[in-house]
Amino acid sequence: MMKHPSRVAKLIAGIVMCLGGFATTGAFAAEGSIPAPFRENAKQKTVELEFPYWSYILKATVFDAGRSDRRGHDLSFKWDNSRARWGNKSKTAMEGNRLYFQAFDDQNLEALVKVRERMEKLPTKYAFDTLTRDQQLAYWLNLYNVTLVEHLVKTYPTKRLQDTLYGDGSLLDQKLLNVAGVPLSLNDIHHRILIPKWRDPLVMYGLFHGYVSSPNLRREAYTAENVYDLLADNAKEFVNSIRGVVADGSELHVAELYEINAALFPNWDHDLRAHLNQYLNPGYAALAGQTTELYADTQDYYIADLSLGITMDRTMGVNLGEDIAGYERTVARGGRGFPGHVIAYASKVQK
């Protein structure tokens, strides 16, 4: 259920007052990764590592869109008598969870930054090699996601993220973090730490990329206890959606995301198909098994924003002014503070 915008603001703002660090108890022990400080890990858990404030933010701002019906729907709107249509015209537009980007006003962005800073500094307080392998995996996924969200909020309302993430001066290549004295980009976490250390395709489903064709951002933080269950659930949701896998005659079309993570599938065609078969629903797995050609060309780089990147705030970009107000009155009576197009989207998804 969506919370009213003012309630979201109050929920997140409270974090600024109560931040005192992540829940950690006990002693430490050993584990690691590619850069030297991250290569070793503890064999047994000697500390409880949780991320309650990040979970708090996620629960308040992530809208769960449910599972794909594989039918394909665009999510565009025509304002009054205008010929133009606003929103996402891709058939994958209704798929995947949404983040309420507009909840992050100045105070809430401050809370988000504080959460990221405390997460980033955790390995300087506690030796990284005293965390177990599962704890480290949860840590890296959470740090990646909170950092990406923070920086996408700062560039909001950019609607299409392909250039932001993969163009010149890519956000993913910028050294945004310093963990245990090691400057890191998000691509460093993804390709220098997570892939070579875990060598498990499930890891890719824990990284939120901010756009519709991304694996879901969950409504709770990853922990050592839940990380593999949540990753498997994300994998099943993604693979059984049209933004993940589409069988079309002799052709199997998969998300470009798999090509980005090609290192996880050394024998590309065989390894990827074997992985997909683990998570595809049986009927669709049989359909995919009849294909002979494989293409990583399915993509929807439209921002995974509850408001579709549409804002009435002149300082944030597109201004629809009275057009949205009119749309609210005709389409979403009693919208309780959310723009009409948001209510319309939520109503369609929940049918």
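A short tour of the structure in this document, coming up. Predicted model only: the values in this text are computed from it and were never measured. (Residues numbered from 1 in each chain as written. Predicted model: local features only at pLDDT ≥ 70, side-chain atom pairs only at ≥ 80, totals over all residues. Heavy atoms only, no water.)

### Thoughts on the overall build of the protein
- Counting its regular elements, the protein contains 12 helices and 11 strands.
- Surface summary for the protein: the accessible area is close to 15,300 Å², and the carbon and sulfur share equals 48%. (Helix = DSSP H or I, 4+ residues; strand = E, 2+ residues; numbered from the N terminus. Areas by Shrake-Rupley, 256 points an atom, 1.4 Å probe, with all protein chains shown as cover.)

### A look at the sheet that holds strand 9 (residues 245-248)
- Taken in spatial order, the 3 strands line up as 9-10-11 in an open sheet, and their pairing is mixed. Edge strands, defined here as strands with exactly one partner in the open sheet, are strand 9 and strand 11 (293-298). Sheet twist, expressed as the mean angle between neighbouring strand axes with direction ignored, is 25°.
- Pairing of strand 9 with strand 10 (residues 251-255), which is carried by 4 bridges, proceeds in the antiparallel orientation. Within strand 10, the position partnered with Val246 by the bridge is His253.
- Contacting strand 9, strand 10 and strand 11, helix 9 (residues 268-279) runs over the sheet at an angle of about 75° to strand 11.
- Helix-sheet contacts for helix 10 (residues 282-289) involve strand 9 and strand 10, and the interaxial angle to strand 9 is about 55°. (Pairing = 2+ DSSP bridges. Axes fitted to C-alpha atoms, helices over the stretch in contact; angles between N-to-C directions. Contact = heavy atoms within 4.5 Å.)

### Section: the packing of aromatic side chains
- Considering all chains together, one arrives at 14 aromatic pairs under this definition.
- Among the aromatic residues, ring-to-ring pairing joins Tyr205, Phe238, Tyr258, Phe265 and Trp268 into one connected group. (Phe/Tyr/Trp six-rings, centres within 6.5 Å; stacked < 30°, edge-to-face > 60°.)

### Considering the pattern of salt bridges
- Applying the stated criterion to the full structure yields 12 salt bridges.
- One salt bridge in this structure joins Arg192 and Asp188, with 3.5 Å as the shortest N-O distance. With Arg192 and Asp188 both in helix 6 (residues 186-198) and 4 residues apart, this pair spans about one turn of that helix.
- Of the charged contacts, one joins Arg218 and Asp233 as a salt bridge, the two residues approaching to 2.8 Å between their closest N and O atoms. Pair noted here: Arg218 is in the loop between helix 6 and helix 7 (227-239) and Asp233 is in helix 7, with a separation of 15 residues, a long-range link.
- The exposure class assigned to Asp233 is partly exposed, which follows from its relative accessible area of 28%. (Salt bridge = Lys/Arg side-chain N within 4 Å of Asp/Glu carboxyl O. Buried < 20%, exposed > 50% of the residue type's maximum accessible area, 1.4 Å probe, protein only.)

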